[in-house]
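In case you want the letters, here they are:
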Amino acid sequence: MKYRPDIDGLRAIAVLSVIVFHLNSHWLHGGFIGVDVFFVISGYLITKIIYTDIINHQFSFKVFYQRRINRILPVFFVVMFTTAFVAWYMLLPDDFMLFLKSLKSTTYFWENMFFAQNTGGYWDKSAETMPILHTWSLAVEEQFYIFFPFVLLLLTGIRYQTKTKLIKLSRNNILFILVVVALVSFALAQLSPKSLILSKYNYYSLVTGRAGELLIGGIIGILSVQQSSSNNNQTPNLLIKNCLSIIGFLMMVLSIIFLSEKRLFPSFWAIIPTVGTALVISCYDKRTVIAKLLSIKPLVFIGTISYSLYLWHWPIIVLTKLYLFVDNLTTITQYLGIIILIIVLSLFSFYLVERPCRKHRRSFKFSFFTYYLIPFVIIGGGYYLQYKTQFLNFRYSSEQYKNYVDLNIKALNDGASDKCNSQFPNWIKFTDNQCNIYENDELDSIAVIGDSHAGHLYYGLRRNLENGVLVFPASCALPFYNMSDTNENDPQFKVRYRNTELINSAYDYVIKNEKITTVFLAHHPNCSFHFVVDINDKNLNNHDVAIENGMRRSLSMLTESGKKVILVKDNPALPFDPYQCVIKMMRTGKNECSFDANIHKNNSVLSDYNNIIDKVLLDYPKASSINLSDYLCDKDKCYVATESLLYLDRNHLNKNGSNVVVKKMIPDLEKLGLKKR
């Protein structure tokens, strides 16, 4: 196939878009569409190669797959092994085991399905910490390479008998079939939100959308094989090519700039950039404006090394963030350091691995054994040994690790959950938060009503108080009477739509129970902010006013029934995964991990909620508030770990954190008449 520099120019735009997006998604909202541009290019090139060989009776599976092995696998496994070594150093044992599972899935080209099954989707926070997440797109292409030659051979080999002669499918028949399959693929992507299975696999799957993108490239690949070149020198033809290629280029570039994760993707939206890319490829003429633009030497060079750039960029970004303990890159030094490292390693792998292996002429057996089978055995064997023996965990002291991650904490086993399930049989049916009722016949009780941030206080209260402790948490629930905190647009609607009923039943129980003298109302305001509705005034659209109305109504009900009411101001939410602190403490030997207190202070949703509390309490002198950040922060820092981890995830305290916070609360709790254990 004749070399086309413009295609390397397209590759450059694609890879640069992806890298910029992954460095900072705010810089280029649709940078992820670079992957879709790659799919069209791959579909075009591979289909053209296969179809040309088939119609010339020269196609060989052995030759085709050897070329793909030599092109893709040597540098791929070099990057994977390098990433595995750094991941072993950087990750905790459980996270490293998950990494090894993802690495194992690359050996049978199934990593796209692995990531679909082990993340909450491409945009999920958990996906951002997976060092080889980006290989999902390579799995999609590899699956296409495996199956599509058989599809084309089948379509070109079909024969059917008419009354007079034997007829085979024409090129137009084949193109029609591929267009239909592509449209079905896009339609499945568009319909994915209506199906749990399609929704889970939509972004990663070959079937939903990605097949359509590859087939758009495949269709123009087939068209290009027998395209007439007799009119290439006529001005009208050049004018048309100029216009269509410019339109296609704008479709692609504007999609990269303006589309974002707020749109369902892939879906029919993906047709815009992929058809645009197809127009640029199919309307090629070295005299067109776009061909000249894409053929400038810097772009062509970047496109030439684009595969190495793509392979290296994501592991470097993810592992650097883990090393620096940051969620997002913020300084010029960080950005420059990562960019330089990506470029250096990409040049190294391109010139020393990718290009030599691609040009190296050896037998199919050599390529298959050296570039695939040996890495397959090493990765599979390493995974099996680690799974069975944990032989790679020697970097970590198991006792130190258990202490850091709070595995030595004592369980309560107080039967409180069983008692609550008996008293409230619908609680666990309607929410994924467990309620607890523990009562001391000789002492008064404290009740905590709210969401999971009410639930995470239970352990500390039970460990540090002699009094009875009752906790009524529901997923993201506002801790106020007759308030709703969800609607059908909430992704967690199914576990939240009965929250009003649950919280109201908790109020009814608490108010009637004379042994309950103190009530805490706890909530994570970032959870429900967008979905607040006051059931008593459903037409009210102001969230802050709705919360204030619900707060006043609830305080009136509780104080009039003789309860002491404490409004809880929430604990700080973390700017990073707390388990990064474990890595940091084990690496440095320090027993402390923290972040800038200004990050917490600048949480506008939490500040607004706290301001509402302060405003309402002016009218309820018998009620008061308690601020959990007072026990977790000083003037400059908020603590994620002191001796051991305090957080379960980015906003929930673990049992140790609950215990530490409540211990510090004891003087305030004793003022309420509660008895220290």
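Here goes a summary of the coordinates provided.

Criteria and cut-off values
Numbering of residues starts from 1 in every chain and runs along the sequence as written. Predicted model: local features are reported for residues with pLDDT of at least 70 only, side-chain atom pairs are reported and counted for 80 or more only, and whole-chain, interface and lining totals are derived from all residues. Heavy atoms from the whole structure form the basis of all side-chain values; hydrogens and water molecules are not counted. Two strands qualify as a pair provided DSSP detects at least 2 bridges between them. In DSSP terms, a helix is any run of H or I states spanning at least four residues, a strand is any run of E spanning at least two, and both are numbered starting from the N terminus. Definitions used throughout: a 1 Å grid over protein atoms alone; a cavity as a set of points that fits a 1.4 Å probe which cannot get out; a pocket as an open set with protein on both sides within 12 Å along at least five of seven lines; a lining residue as one with an atom within 4 Å of a point. Grid points are joined across faces, edges and corners, and a volume is the space filled by probe spheres set on the points. Residue type decides the class: Asp, Glu, Lys and Arg count as charged, Ala, Val, Leu, Ile, Met, Phe, Trp, Tyr, Cys and Pro as nonpolar, and the leftover types, Gly among them, as polar. A fitted line through C-alpha atoms serves as each axis, taken over the contacting stretch for helices, and the angle formed by two N-to-C directions is quoted from 0 to 180°. Comment on the angle field: the value is read as roughly parallel under 35 degrees, roughly antiparallel over 145, roughly perpendicular from 65 to 115, and oblique elsewhere. The criterion used for residue contact is that any of the two residues' heavy atoms lie within 4.5 Å. Put simply, a disulfide is two cysteine sulfurs that come within 2.5 Å. Working definition: with a 1.4 Å probe on protein chains only, accessible area under 20% of the residue-type maximum means buried, over 50% means exposed, and in between means partly exposed. Whenever two N or O atoms come within 3.5 Å, that pair is a polar contact, provided that in protein one can donate a hydrogen and the other can accept it, and provided that, for residues adjacent in sequence, both atoms are side-chain atoms. Each salt bridge in this description consists of a side-chain nitrogen of Lys or Arg and a carboxyl oxygen of Asp or Glu lying within 4 Å of one another.

## What to know about the sheet that holds strand β10 (residues 592-596)
Link 1 in the chain: Overall, antiparallel pairing links the 3 strands, which are arranged β10-β12-β13 in an open sheet. Both edges of this open sheet fall to β10 and β13 (644-645), since each of them pairs with a single strand only.
Link 2 in the chain: One ladder, built from 5 bridges, connects β10 with strand β12 (residues 637-642); its direction is antiparallel. Note on β12: the bridge partner recorded for Asp-596 is Lys-637.

## Here's the deal with empty space enclosed by the protein
Link 1 in the chain: All told, the structure shown has 3 cavities of 30 Å³ or more when counted by the stated rule.
Link 2 in the chain: Roughly 60 Å³ of volume is contained in the largest cavity.
Link 3 in the chain: Surrounding the largest cavity, Leu-478, His-523, Pro-525, Ser-528, Phe-529, Val-532, Asp-544, Ile-547, Val-605, Asp-608, Tyr-609 and Ile-612 form its lining.
Link 4 in the chain: Of all elements in the fold, only α23 (525-528), α24 (543-560) and α27 (604-617) reach the threshold of two or more residues within the lining of the largest cavity.
Link 5 in the chain: Of all the elements, α27 adds the most residues to the lining of the largest cavity, at 4 residues.
Link 6 in the chain: Broken down by class, the residue content of the lining of the largest cavity amounts to 8 nonpolar, 2 polar and 2 charged.

## Here's the deal with the packing of helix α3 (residues 61-90) against helix α14 (residues 306-324)
Link 1 in the chain: Following both chains from N to C, one finds α3 and α14 inclined at 5°, their axes separated by 10 Å at the closest point. When the interaxial angle is binned, α3 and α14 end up roughly parallel. Residue-level inspection shows Arg-71, Ile-72, Val-75, Phe-76, Val-79, Thr-82, Thr-83, Val-86, Ala-87 and Met-90 of α3 in contact with α14, the latter providing Tyr-307, Ser-308, Leu-311, Trp-312, Pro-315, Leu-319, Leu-322 and Tyr-323.
Link 2 in the chain: Classifying every residue of the contact of α3 with α14 gives 14 nonpolar, 3 polar and 1 charged.

## Considering the state of the cysteines
Link 1 in the chain: Throughout the structure, instances matching the rule amount to 4 disulfides.
Link 2 in the chain: Disulfide partner of Cys-420: Cys-435, at an S-S distance of 1.9 Å. Taking the sign of the S-S torsion, -115° for the link of Cys-420 and Cys-435, the bridge is left-handed. Here Cys-420 is found in helix α18 (residues 416-423), whereas its partner Cys-435 is found in the loop between α19 (427-430) and β3 (436-438), with 15 residues between them in sequence. Taken as a pair, Cys-420 and Cys-435 share a single burial class, namely buried.

## Some thoughts on the layout of surface pockets
Link 1 in the chain: In this structure, the second largest pocket encloses a volume near 1,400 Å³.
Link 2 in the chain: As for the second largest pocket, its lining consists of 40 residues, and the residues nearest its centre are Arg-11, Leu-45, Arg-68, Arg-71 and Arg-358.
Link 3 in the chain: Examining the composition of the lining of the second largest pocket, we find that 11 residues originate from one element, helix α2 (residues 34-55), more than from any other.
Link 4 in the chain: The residue makeup of the lining of the second largest pocket, split by class, is 16 nonpolar, 9 polar and 15 charged.

## Remarks on the side chain of Asp-570
Link 1 in the chain: The topology assignment puts Asp-570 in the loop between β9 (564-569) and α25 (579-588).
Link 2 in the chain: Within polar-contact distance, the side chain of Asp-570 engages the side chain of His-524 at 2.9 Å.
Link 3 in the chain: Ignoring sequence-local partners within four residues, the contact set of Asp-570 consists of His-453, His-523, His-524, Pro-525, His-600, Leu-606, Asn-610, Asn-627, Leu-628 and Ser-629.

## Looking at the pattern of salt bridges
Link 1 in the chain: Tallied over the entire structure, the rule returns 18 salt bridges.
Link 2 in the chain: Here Glu-439 and Lys-419 are joined by a salt bridge, their closest N and O atoms 2.7 Å apart. Of this pair, Glu-439 sits in the loop between β3 and β4 (445-450) while Lys-419 sits in helix α18, and the two are 20 residues apart along the sequence.
Link 3 in the chain: Its relative accessible area of 26% is what places Glu-439 among the partly exposed residues.

## A word on the sheet that holds β3
Link 1 in the chain: The 6 strands are arranged β3-β5-β4-β7-β9-β11 in an open sheet whose pairing can be described as mixed. Of all strands in the sheet, those bounded by a partner on one side alone are β3 and β11 (624-627). With direction set aside, neighbouring strand axes in the sheet form an average angle of 20°.
Link 2 in the chain: Of the pairings in the sheet, the one linking β4 to strand β5 (residues 468-473) comprises 6 bridges and is parallel in character. Within the sheet, the bridge partner assigned to Ser-445 lies in β5 and is Gly-468.
Link 3 in the chain: The sheet contacts of α24 involve β7 (516-522) and β9, and relative to β9 the element is tilted by about 150°.
Link 4 in the chain: Running over the sheet, α27 touches β9 and β11 and is turned about 155° from β9.

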